[in-house]
Amino acid sequence: MARRNFDHQKNEERINKFWGSQKLSEIDIASAKNKYYCLDMFPYPSGSGLHVGHWRGYILSDFYTRYQMLQGKTVLHPMGFDSFGLPAENAAIKNKSHPKKFTDQAIKTFSAQLKQIGAAYDWTKVVTTSDPNYYRWTQWLFLQFYKHGYAEKRQSLVNWCPKDQTVLANEQVVNGKCERCGTVVTKKELAQWYLTITKIAEELLTGLDELDWPEHVKTLQRNWIGKSTGTSVVFKGKENLPDIEVFTTRVDTLMGVSAVVLAPENPLTSIYIINDIKPAFEKYLREVTAKTNIDRAQTKESSKTAIFTGSYVIHPVTGEEIPVWVADYVLSDYGSGAVMSVPAHDERDYLFAKAHNLEIIEVIRGANDSKLPFLDEGKLVNSSQYDSLTSAQAIEQMTADLAKAHLGQAKTTYRLRDWLVSRQRYWGAPVPVVYDPDGRAHAIEDKHLPVLLPTDVDFLPGGESPITRSREFVERAEKLYGKGWRFDTDTLDTFVDSSWYYLRYLTPNDAQQAFDPKLVEKWLPVDFYIGGIEHAILHLLYARFVYRFLVNHKYITNGNKEPFQKLFNIGMVTLNGAKMSKSKGNVVSPDPLIEHYGTDALRGYELFIGPLEAEAEWNPRGISGVYRFLIKANELLNKIKPASSAKAKQAFNDYLTHVNEMIADLRINTVISEAMKFVNVLEVNDFDTEVLERFLITLSPACPYICETLWQELGHKESIFTASWPESLETTKETKISLSIRVNHRHVQELVCDPAANADELLKQAKNEPKIQEKLRGKKIVQVINKPELCFIDIVTD
């Protein structure tokens with residue numbers, strides 16, 4: 001029989017047109033029943049387009065989209081573009097273009113490449129964050145925060161990227177550097193807008209317990225929220241100076257305090273510094289501001305940079321005078337920006353005290369003589385009335401005594417800081433606030449939304465928003481509000497845009513509201529959310545905050561306070577051990593691979609390359625193995641028999657059991673390997689149309705083009721994705737099977753045997769056959785390859 005043609009390019013073009021005519025992915029959100037919401041973290045449309053590393057997550061989401069279709073679900077699988085932000089603006093500056101022009105072209109490129117994947121996206125529900133029809137509602141969302149007291153403008157010391165010339169949230173500083181461009185981050189005093197995420201820190205923490213997320217992601221969020229239970233202690237200011245409150249988790253060390261140390265940026269610092277020391281302090285402050293928080297937290301640095309204020313506070317128990325110092329190892333964004341220095345029981349305090357000749361008082365002692373600093377719990381010594389108490393007993397007693405004296409109380413603090421959302425760049429949603437001639441802020445009325453970006457801006461960074469240079473922006477504000485009124489010229493952090501896009505997919509073209517609460521009640525939470533681990537803190541935490549805010553304030557009433565029930569972090573694809581990156585020159589484009597091997601082969605290899613949550617090294621030759629498998633699968637149509645053997649039926653049932661387990665466990669790489677093994681079984685066993693059809697259905701989520709093609713050639717008019725996921729076949733047990741007996745990989749004869757026979761029994765029976773005896777005469781058997789599932793035994797001799 002002639003080999004079947006495997007013309008993937010012609011097939012893909014035809015199948016794409018067929019799927020388009022069927023509109024299988026376009027769903028009616030309102031009337032849909034048995035819903036399933038499958039969502040990719042939408043991409044930033046960079047000018048360089050997609051590489052094979054990007055494909056991995058999109059293929060996984062499409063696999064589950066198509067699998068759920070076959071389970072009878074109505075699946076929402078949308079796509080959009082996170083199109084505001086610094087990369088587009090920087091690229092436009094470099095190319096002397098405009099960010100909108102750059103972004104629009106990038107979206108066209110990305111859309112075309114995403115369609116190459118063959119993914120079942122509903123392209124009628126696209127959102128683009130830089131579209132005024134979208135950012136109008138981002139601005140509306142900000143105003144709801146403002147209305148409920150969650151948006152505040154404050155003068156504060158903020159993270160500043162000297163290269164990108166903009167403020168960064170704490171989460172956007174990685175190892176002291178800008179997470180976008182890698183520049184060392186400095187500090188700058190600015191008036192900035194914050195969203196007070198700290199108001200629901202405890203909710204965000206406890207809500208993690210209910211989520212079906214990878215445990216390491218939940219741990220990252222728990223650590224970032226950073227809940228600490230301890231005691232606030234008040235050190236009264238001497239000579240009318242204000243009190244200093246510190247937070248400590250080890251109040252049992254209180255009697256060992258030798259200094260109170262302030263962060264250089266703490267507002268109290270300038271009050272406590274006496275006049276004679278102010279010039280030295282101002283110089284010191286400039287030096288500290290140039291350092292990153294990472295550098296300041298290093299133990300080796302803590303002993304080198306500190307300055308005595310010349311002032312004192314009063315110890316709340318002993319009444320003794322305690323010197324007040326300023327040191328850069330104390331950070332203003334941790335606790336109250338003040339710590340009590342206990343040198344005998346803290347490593348950095350110990351080095352600080354040694355460097356500046358402060359007293360070191362041991363107040364906690366372990367069971368054995370211990371070297372200072374002693375960091376564990378133990379029994380109190382040198383602590384007056386608290387001597388001999390255990391650390392736990394002392395913490396309870398001291399906290400009670402401080403509360404009674406109104407000098408402290410039990411307190412819970414969080415590492416989490418409010419979300420800084422102001423950005424001093426052009427390409428973002430303008431902050432929807434207007435200021436009157438006296439500088440008072442007012443929310444912009446809904447009827448004036450969106451506040452559009454001005455068009456007369458060169459958008460070059462200069463330490464303040466380029467929008468401040470727009471004459472059009474000034475005139476527009478005065479036309480709406482009157483002479484002297486002005487719009488806020490900062491733009492919103494792009495993470496605000498991406499914090500709610502999953503809601504907008506339900507009604508992307510609604511001009512009356514940001515989202516439809518009834519549809520949100522029906523479709524949220526997202527059933528399956530797929531994206532990279534790099535978003536574990538920023539995007540995922542912000543999205544949870546926004547969704548909880550909307551639920552808490554009755555904008556959403558479905559009772560579920562979490563937007564994403566199940567999360568999967570896709571592992572990156574590397575080449576030569578490094579993450580694929582255009583700058584590293586190690587990017588593999590999918591385009592030539594699709595042209596040569598076809599989309600199904602690339603999809604199959606992306607899934608087969610390894611566990612999808614793990615990092616995987618790209619092997620340029622690996623795709624050819626999947627391609628050969630698809631050629632074999634294509635040939636199956638030539639081998640259909642009137643009836644299936646019991647062996648083929650049982651092999652399918654075993655295959656289906658394994659595949660069902662693997663899909664449930666997200667082990668899709670092993671699904672592909674099981675399919676490869678099953679095709680090998682079909683090649684040497686009789687099978688009928690029913691077995692082949694059921695197999696094609698199970699393979700179709702991974703390799704939709706070839707499966708759809710073969711499905712049609714089997715006579716089906718409707719898409720394979722309108723079929724149902726198969727169940728096991730009824731089987732009858734065979735009393736005898738026929739095996740090919742091979743010697744040194746060459747067929748010698750057929751052997752009829754019991755299917756329940758084990759390897760030793762089969763070999764013994766084979767060796768009794770005259771033809772086999774002749775082939776083995778005078779030779780030593782070194783290996784027996786027993787493959788009854790593939791209907792052969794291979795006897796290898798020396």
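This structure is a prediction, so every number in the text was calculated from the model and none was measured.

1. Some thoughts on the overall build of the chain
Stage number 1. A count of helical and extended segments in the chain gives 27 helices and 31 strands.
Stage number 2. Projected onto the principal axes, the alpha-carbon positions of the chain cover approximately 110 × 80 × 45 Å.
Stage number 3. Partitioning the intrachain contacts of the chain with sequence separation of at least 6 by distance along the chain shows that 72% fall at a separation of at least 24.
Stage number 4. In the chain, which carries 95 positive and 101 negative side-chain charges, the distance between the mean positions of the two groups comes to 4 Å.

2. Overview of the pairing of strand β1 (residues 35–40)
Stage number 1. Counting buried positions over the 6 residues of β1 gives 5, a clear majority of the element.
Stage number 2. Where the polypeptide runs from β1 across helix α2 (residues 52–70) and back to strand β2 (residues 74–76), its parallel neighbour, the crossover connection is right-handed.

3. A few points about the pairing of strand β12 (residues 321–327)
Stage number 1. Of all 7 residues in β12, 6 are buried, a share of seventy percent or more.
Stage number 2. Examined bridge by bridge, strand β10 (residues 259–262) and β12 share 3 bridges and lie parallel to one another. What sits directly across from V260, in β12, is V324.
Stage number 3. Pairing between strand β11 (residues 306–314) and β12: 6 bridges, direction antiparallel. Of the residues in β12, the one forming a bridge with Y312 is P323.

4. Focus: helix α20 (residues 599–608)
Owing to its 3.6 residues per turn, the α-helix aligns residues three or four sequence positions apart on the same side.
Stage number 1. The buried count for α20 comes to 9 of 10 residues, which makes it a mostly enclosed element.
Stage number 2. Turning to α20, its buried residues number three or more, namely T599, D600, A601, L602, R603, G604, Y605, E606 and L607.

5. Focus on the pattern of salt bridges
Stage number 1. Inspection of the entire model under this criterion finds 39 salt bridges.
Stage number 2. D243 is the partner of K236 in a salt bridge, and the nearest nitrogen-oxygen pair spans 3.0 Å.
Stage number 3. Note that R365 is salt-bridged to E362, the shortest N-O span being 3.0 Å.
Stage number 4. Given the relative accessible area of 36%, R365 is considered partly exposed.
Stage number 5. For E362, a relative accessible area of 17% corresponds to the buried category.
Stage number 6. Put simply, E203, R544, R548, K561 and E562 are held in one network by salt bridges that share partners.

6. Digging into the sheet that holds strand β21 (residues 486–487)
Stage number 1. Here 3 strands make up an open sheet; going across it, the order is β20-β19-β21 and the pairing antiparallel. For this open sheet the edge positions go to β20 (441–443) and β21, each flanked by a neighbour on one side alone.
Stage number 2. Across 2 bridges, strand β19 (residues 433–435) lies against β21 in antiparallel orientation. By the bridge assignment, Y435 is partnered in β21 with R486.

7. Remarks on the side chain of Q68
Stage number 1. Looking at the secondary structure, you find Q68 in helix α2.
Stage number 2. Looking at Q68, the relative accessible area reads 9%, which means it is buried.
Stage number 3. Beyond its immediate chain neighbours, meaning those up to four positions away, Q68 contacts Y36, K73 and V75.

8. Comments concerning the state of the cysteines
A covalent bond bridging the sulfur atoms of two cysteines is what the word disulfide describes.
Stage number 1. Tallied over the full model, the rule gives 0 disulfides.
Stage number 2. Here C38 is not disulfide-linked; the sulfur of C703 is the nearest cysteine sulfur, at 17 Å.

9. Considerations on helix α24 (residues 689–699)
Stage number 1. Within α24, 8 of the 11 residues are buried, leaving the element largely enclosed by the surrounding structure.
Stage number 2. You can read the cap of α24 off the contacts: a side-chain oxygen lies 3.2 Å from the backbone nitrogen of E690, and it is on D688.

10. Examining the environment of D516
Stage number 1. By the secondary structure assignment, D516 is in the loop between α16 (501–504) and α17 (517–523).
Stage number 2. Residue classification places D516 among the partly exposed positions, given a relative accessible area of 22%.
Stage number 3. Between the C-alpha atoms of D516 and L503, which are 13 residues apart in sequence, the distance is 8.4 Å.
Stage number 4. Only 2.9 Å separates the side chain of D516 from the backbone nitrogen of K518, close enough to count as a polar contact.

11. Thoughts on the environment of E769
Stage number 1. On the secondary structure map, E769 appears in the loop between α26 (759–767) and α27 (770–776).
Stage number 2. Counting along the chain gives 18 residues from E769 to L751, while the straight-line C-alpha distance between them is 8.7 Å.
Stage number 3. If near-sequence neighbours (up to four positions away) are discounted, E769 is found in contact with Q749 and L751.

12. Looking at the sheet that holds strand β25 (residues 573–575)
Stage number 1. Strand order in the open sheet formed by 3 strands is β26-β25-β27, and the pairing between neighbours is mixed. Of all the strands in the sheet, the pair left with one neighbour each is β26 (578–579) and β27 (616–617).
Stage number 2. Where β25 and β26 come together, 2 bridges link them in antiparallel fashion. The residue bridging L575 from the neighbouring strand is A578, located in β26.

13. Notes on the packing of helix α7 (residues 215–225) against helix α18 (residues 538–552)
Helix packing geometry: the angle between the two helix axes and the distance between the axes.
Stage number 1. Running from N to C, α7 and α18 cross one another at 75 degrees; their axes reach a closest spacing of 11 Å. Taken as axis vectors, α7 and α18 run roughly perpendicular relative to one another. Counting all contacts with α7, which are made through V217, Q221, W224 and I225, the residues of α18 involved are L540, L541 and R544.
Stage number 2. Looking at the contact of α7 with α18 residue by residue, the classes come out as 5 nonpolar, 1 polar and 1 charged.

14. Quick word on the packing of α20 against helix α21 (residues 622–635)
Stage number 1. Taken N-terminus to C-terminus, the directions of α20 and α21 make an angle of 120 degrees; their axes are 8 Å apart at the nearest point. Classified by the interaxial angle, the pair formed by α20 and α21 is oblique. Regarding α20 and α21, the two cross each other, and that crossing is right-handed. Here D600, A601, L602, G604, Y605 and F608 of α20 lie close against α21, whose contacting residues are G622, I623, V626, Y627 and L630.
Stage number 2. Taken together, the residues that form the contact of α20 with α21 break down as 8 nonpolar, 2 polar and 1 charged.

15. Digging into unusual backbone geometry
Stage number 1. Look at the link from L372 to P373: it is a cis peptide, with omega at 0 degrees.
Stage number 2. Mapped onto the elements of the fold, P373 is located in the loop between β14 (364–365) and β15 (379–380).
Stage number 3. Phi angles above zero are rare outside glycine, and H406 is one such case at about 60 degrees.
Stage number 4. Given a relative accessible area of 70%, H406 falls into the exposed group.
Stage number 5. For K554, which is not a glycine, the phi torsion comes out positive at approximately 70 degrees.
Stage number 6. When you line up the elements, K554 lands in the loop between α18 and β24 (567–569).
Stage number 7. Of the residues examined, K554 reaches a relative accessible area of 65% and is grouped as exposed.

16. Looking at the side chain of T797
Stage number 1. Following the sequence through the fold, T797 ends up in strand β31 (residues 792–797).
Stage number 2. Judged by relative accessible area, T797 falls into the buried class, the value being 9%.
Stage number 3. With residues up to four places along the chain from it excluded, the contact list for T797 reads N744, L776, K779, K780, I781 and V782.

Basis of the calculations
Residues numbered from 1 in each chain as written. Predicted model: local features only at pLDDT ≥ 70, side-chain atom pairs only at ≥ 80, totals over all residues. Heavy atoms only, no water. Helix = DSSP H or I, 4+ residues; strand = E, 2+ residues; numbered from the N terminus. Contact = heavy atoms within 4.5 Å. Lys, Arg positive; Asp, Glu negative; His and termini not counted. Charge placed at Lys NZ, Arg CZ, Asp CG, Glu CD. Buried < 20%, exposed > 50% of the residue type's maximum accessible area, 1.4 Å probe, protein only. Right-handed = clockwise from strand over helix to strand, strands pointing away. Pairing = 2+ DSSP bridges. Salt bridge = Lys/Arg side-chain N within 4 Å of Asp/Glu carboxyl O. Disulfide = S-S within 2.5 Å. Polar contact = N/O pair within 3.5 Å; in protein donor to acceptor, adjacent residues only side chain to side chain. Axes fitted to C-alpha atoms, helices over the stretch in contact; angles between N-to-C directions. Parallel < 35°, antiparallel > 145°, perpendicular 65-115°, else oblique. Nonpolar A, V, L, I, M, F, W, Y, C, P; charged D, E, K, R; others polar. Left-handed = near helix turned anticlockwise from the far one by under 90°.

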